[in-house]
Amino acid sequence: MPKVIVTAYNPEWAVGFERLKALIWPAVSDFALSVEHVGSTSVVGLAAKPVIDLDVVIPGAEYLPLAVRRLATLGYTHRGDLGIEGRDAFEAPQGLPRHHLYVCPQGSLGLRNHLALRDYLRAHPEAVRAYAKLKLELARQYPYDIDRYVEGKTGMILGFLREMGLGADHLESVRRQNGG
């Protein structure tokens, strides 16, 4: 099992995101709404696993087959939703910065979760410090157990999302997805 590695914020993550976006956007720009940098690497100052998360936002689920075809031309392999509603995952081709690529319909639960957490952290420096501290501690405590690492973050994430006004159904879905 791979080791859970959390490192201090690295400004190169933003550069890596821009490089990936420059590759992906031309393939989807005629139908996608945006490519969003999400996850911990998108928050300045936040410790993170050094893997960039990107969401390609599409107008609706009916555009997913087109996104799958277009991303395949770049070497991405569709992996399905992996049990998370409103977020289809793709395996990245070799030779790019480490990243996770998702395609999310506008307004989907998966996208709302990503954007709400990112935006909350970007607006609350004290939350960034607390979340970074927790993530570093969990990585030390569970260095070879990603599931326990994720479960350990769930309560804090739910608190942030609750403050952003996400409803009980949405919060329950996030809790289930994170194994909490």
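What you see is a predicted model; the values in this text were computed from it and never measured.

Parameters and conventions
Counting restarts for each chain, with residues numbered from 1 along the sequence as it is written. For this predicted model, a pLDDT threshold of at least 70 governs which residues receive local features, and a threshold of 80 or more governs which side-chain atom pairs are given and counted, while totals over whole chains, interfaces and linings are taken from all residues. As a rule here, side-chain values cover all heavy atoms of the structure and leave hydrogens and water aside. Classification of residues uses two cut-offs on accessible area relative to the type maximum, computed with a 1.4 Å probe and protein chains only: under 20% is buried, over 50% is exposed, and between them is partly exposed. Counting from the N terminus, the helices are DSSP H or I runs at least four residues long and the strands are E runs at least two residues long. Paired strands are those between which DSSP finds at least two bridges. Among the buried residues, those of types Ala, Val, Leu, Ile, Met, Phe, Trp, Tyr and Cys that are joined through side-chain atoms within 4.5 Å form a nonpolar core. Whether two residues touch is decided by their heavy atoms; if any such pair falls within 4.5 Å, the residues are in contact.

Novice: Quick rundown of the pairing of strand β2 (residues 52-58)? Include the residues and the values.
Specialist: Burial analysis of β2 places seven of its seven residues in the buried class, which makes it a mostly covered element. Here β2 shows two buried faces, one formed by I52, L54, V56 and I58 and the other by D53, D55 and V57. Pairing between strand β1 (residues 34-38) and β2: five bridges, direction antiparallel. Residue pairing across strands places S34 opposite V57, the latter belonging to β2. As paired strands, β2 and strand β5 (residues 99-105) are joined by seven bridges and run parallel to one another. In the sheet register, D53 faces β5, and the bridge partner there is H100.

Novice: Quick one: what's the story with the nonpolar core, residue by residue and with numbers?
Specialist: Ranked by size, the top nonpolar core spans 24 residues in total, and within it L46, L121, F160 and L161 carry the most contacts. Secondary-structure elements contributing two or more residues to this core are α3 (109-123), α4 (125-141), α5 (146-163) and α6 (168-177). Top element by residues in this core is α4. It accounts for six residues. With near-sequence residues (within four places) excluded, F160 lies in contact with L117, Y120, L121, A127 and Y131.

Novice: Just give me the short version of unusual backbone geometry, but keep the residues and values in it.
Specialist: Positive phi is not limited to glycine here, since L82 has a value of about 50°. Of note, L82 is situated in the loop between β3 (77-80) and β4 (88-91). The class for L82 is partly exposed, based on a relative accessible area of 46%.

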